[in-house]
Amino acid sequence: MKYGKLDRSLLEDVRAKVLRGMLPQWAFTDPEVFKAELEQIFAKTWNFLGHESEITRPGDYVTRWIAHDPVLLLRDAEGKVQAYLNSCTHRGTKLCTADFGNKKAFTCPYHGWTFNLSGELTGIVAGNKVYGEEMDRSQWSLRKIPRVESYQGMIFGSLNEHVEPLETFLGDMKWYFDLMLGRSDHGMEVRGIPQRWIIHTNWKISADNFGGDPYHTAMTHRSTVELGISPKDPMYASYGYQIVLDNGHGINIITRRKDMNVPPFQGLPSTMWSMFERNLDPMQLDVFRNTMITVGNCFPNLSFVSPMHGTGGPGEPLTSFVNFRVWRPLTPTSIEVTSWLMVDQDAPEAFKEASYLSYVGSFGPAGTLEQDDAEIWTRVAEASQGWMTQDKDVHYNNVLNYLMGLDRVEPDPSWPGPGVAYPTCYLDAISRAFYQRWIECLLDDAT
Ligand code: FES
Ligand code: FE
């Protein structure tokens, strides 16, 4: 079968292959897979929308997306976070086209209907004349995104009214979010405006890369090691723990080695260390002290990286930052990236600025590491669209390799944090768990 509809037996065959560390290449590019993902994953689960620090005052808003659903995220007059479908209830026009701003009300550019911060329809051009008293305006409020919840300032929305609570969905990922986002007294703030750009790849390729592929750094990003703007050892991303979490989430804690001369707490100023002791439990503190880099993915498409990167050159100190990004699926072979740089609100201003520059130079849209990755991911998608790679024959001649460490590397029970931790980051354990979760979602309700 080629270019055909998905059927259950085909998906069950994919599941069997994923459990053996293999993935059919057509999974990246098949249009039916993409449609099933929109329905079975993005419409059903939690999707990251933004950080509370982006909308601190009443009337502050940002516009975001859940896959193809436009979202208007704002703080209402009472100071509560609200999320609406960013589409007018009159003829469906996209209501707000700015990325961010502050408003008391939103007026539609088509016929001028106006909605307040509570989403209520408060103004209709020539209202009484054309609709009289009979039309009940309260029926025509903005449509709410069914569920909105947050953790550590991270606001998520779901199109599924019956989705599990956000904290249940995040599960053990919360422990690791705390390390990145909850270590300081006042949490994190988004610095600068989140950047957006398009990459011609499939969303799973980038999510899997951040989630489970520190292995690629030795080749893809080798030039940054040679330039002295990444940690000195080309194998730096192999040291540490790969931790498989529930629900398809995963994180790599890449640890500093003594001979690498990397300061504790990712080089964050020593004036902040007592704050970390206050806010983290002793095990979290111990893990964070020895962390050099964290990188991972929160299923389905919220990835994060907190690396150490230089802006100078050989011998110059490396500066850490925290970057979250969403890989929004546009088509099977294109994504829109939205990328947030976050810094501890309590960090000294000089560190915040250094952290921002470190981010821009590495994982900003024109950054070294970002350019390396985007080029490679584009090539994967480019090479996965032809006749041979779409072959859905259930033999083993069209699968890709996710075998690293399968049945060879055992978990380390001494790891102090939650999850199943393996004592190396060169491993496909998170990738296998990611694709297991993905195929289970597609199989749910499949006919
Ligand atoms: Fe918005 Fe008509 S579409 S006012
Ligand atoms: Fe990379």
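- An unreviewed UniProt entry annotates the protein as Rieske-like 2Fe-2S protein of Alicyclobacillus sacchari.
- Under the Sequence similarities (unreviewed entry) heading, UniProt states for the protein: "Belongs to the bacterial ring-hydroxylating dioxygenase alpha subunit family."

**Overview of the overall build of the protein**
- Check the secondary structure of the protein and you find 13 helices and 23 strands.
- Computed over its C-alpha atoms, the radius of gyration of the protein comes to 23 Å, within 12% of the 22 Å expected for a compact globule of 447 residues.
- Projected onto its principal axes, the C-alpha positions of the protein cover 75 × 60 × 35 Å.
- By the burial criterion, 57% of the 447 residues in the protein qualify as buried.
- Considering only intrachain contacts with a sequence separation of at least 6, the fraction spanning at least 24 residues in the protein is 68%.
- Summing over all exposed atoms, the protein offers an accessible surface of approximately 18,800 Å²; the carbon and sulfur share of this is 52%.
- One finds the centroid of the 41 positive side-chain charges in the protein at a distance of 3 Å from the centroid of its 55 negative side-chain charges.

**Some words on the sheet that holds strand 9 (residues 121-123)**
- Sheet architecture is open: three strands sit in the order 7-8-9, paired in antiparallel fashion. Here the strands that pair on one side only, and so sit at the sheet edges, are strand 7 (105-107) and strand 9. Between one strand axis and the next, the sheet turns through 35 degrees on average, direction left out of account.

**Here we look at the coordination of the iron ion (ligand 2)**
- In the first shell of the iron ion (ligand 2), the protein supplies His216 (NE2), His221 (NE2), Asp373 (OD) and Asp373 (OD), at 2.1 to 2.4 Å from the metal.
- Binding-site remark: the iron ion (ligand 2) is held by donors from one chain whose sequence spacing is H-x4-H-x151-D. Within this pair, whereas His216 is found in the loop between helix 6 (203-212) and helix 7 (217-220), its partner Asp373 is found in helix 12 (residues 368-382), the two being separated by 157 residues in sequence.
- Asp373 sits in the buried class, given a relative accessible area of 1%.

**So, the side chain of Ser384**
- Structurally, Ser384 is set in the loop between helix 12 and strand 22 (399-401).
- Ignoring sequence-local partners within four residues, the contact set of Ser384 consists of Gln25, Phe28, Thr29, Thr389 and Gln390.

**Quick notes on the nonpolar core**
- Membership of the largest hydrophobic core comes to 52 residues, with the highest contact counts inside it found for Trp203 and Trp438.
- With seven residues, helix 13 (residues 429-443) is the single largest residue contributor to this core.
- The contacts of Trp203, once residues within four sequence positions are left out, are Glu37, Ile41, Phe42, Pro300, Asn301, Trp327, Pro329, Ile335, Phe434 and Trp438.
- Within the second largest apolar cluster, 43 residues are counted, among which are Phe156, Leu166, Phe169 and Val326.

**Describing the packing of helix 5 (residues 173-181) against helix 10 (residues 282-289)**
- Look at helix 5 against helix 10: their axes get within 10 Å of each other, and the N-to-C directions meet at 60 degrees. Classed by the angle they form, the pair helix 5 and helix 10 counts as oblique. For the crossing formed where helix 5 meets helix 10, the hand is right-handed. Residues Trp175, Asp178 and Leu179 of helix 5 touch helix 10, and the partners they reach there are Met283, Gln284, Val287 and Phe288.
- Partitioning the contact of helix 5 with helix 10 into residue classes produces five nonpolar, one polar and one charged.

**A closer look at the sheet that holds strand 10 (residues 147-151)**
- With antiparallel pairing, three strands are arranged side by side in an open sheet as 2-11-10. What marks the edges here is a single partner per strand, and that holds for strand 2 (47-51) and strand 10. When the angles between neighbouring strand axes are averaged without regard to direction, this sheet yields 30 degrees.

**Points about the side chain of Asn297**
- Relative to the helices and strands, Asn297 resides in strand 16 (residues 291-298).
- Within the structure, Asn297 has its side chain in polar contact with the backbone oxygen of Pro300 (distance 3.2 Å).
- Not counting residues within four places of it along the chain, the set of residues in contact with Asn297 comprises Met173, Ala207, Gly211, Gly248, His249, Gly250, Leu302, Ser303, Phe304, Trp327 and Phe434.

**As for the domain arrangement of the protein**
- If you check the domain split of the protein, you get domain 1 (48-158) and domain 2 (172-443).
- Relative to domain 2, the C-alpha centre of domain 1 lies at a distance of 33 Å.
- Each partner contributes residues to the interface: domain 1 has 16 residues there, and domain 2 has 20 residues.
- Between domain 1 and domain 2, a total of about 1,500 Å² is buried, with carbon and sulfur atoms accounting for 65% of that surface.
- Taken together, the links from domain 1 to domain 2 amount to one salt bridge.
- Of the charged contacts, one joins Asp99 and Arg196 as a salt bridge, the two residues approaching to 3.1 Å between their closest N and O atoms.
- Inspection of the region where domain 1 meets domain 2 yields eight residue pairs in polar contact (both at pLDDT 80 or more).
- If you list the elements that add at least two residues to the side of domain 1 that touches domain 2, you get strand 2, strand 3 (60-66) and strand 11 (154-158).

Rules and cut-offs
- Residues numbered from 1 in each chain as written.
- Chains lettered and ligands numbered in written order.
- Predicted model: local features only at pLDDT ≥ 70, side-chain atom pairs only at ≥ 80, totals over all residues.
- Heavy atoms only, no water.
- UniProt positions renumbered as here; feature names shortened; annotations may be inferred.
- Helix = DSSP H or I, 4+ residues; strand = E, 2+ residues; numbered from the N terminus.
- Rg over C-alpha atoms; globule rule 2.2 N^0.38 Å.
- Buried < 20%, exposed > 50% of the residue type's maximum accessible area, 1.4 Å probe, protein only.
- Contact = heavy atoms within 4.5 Å.
- Areas by Shrake-Rupley, 256 points an atom, 1.4 Å probe, with all protein chains shown as cover.
- Lys, Arg positive; Asp, Glu negative; His and termini not counted.
- Charge placed at Lys NZ, Arg CZ, Asp CG, Glu CD.
- Pairing = 2+ DSSP bridges.
- Axes fitted to C-alpha atoms, helices over the stretch in contact; angles between N-to-C directions.
- Donors = N, O, S within 2.8 Å, 3.2 Å for Na, K, Ca; no water.
- Core = buried A, V, L, I, M, F, W, Y, C linked by side-chain atoms within 4.5 Å.
- Parallel < 35°, antiparallel > 145°, perpendicular 65-115°, else oblique.
- Left-handed = near helix turned anticlockwise from the far one by under 90°.
- Nonpolar A, V, L, I, M, F, W, Y, C, P; charged D, E, K, R; others polar.
- Polar contact = N/O pair within 3.5 Å; in protein donor to acceptor, adjacent residues only side chain to side chain.
- Domains from an automatic or database assignment.
- Buried area = accessible area lost by both parts, 1.4 Å probe.
- Salt bridge = Lys/Arg side-chain N within 4 Å of Asp/Glu carboxyl O.

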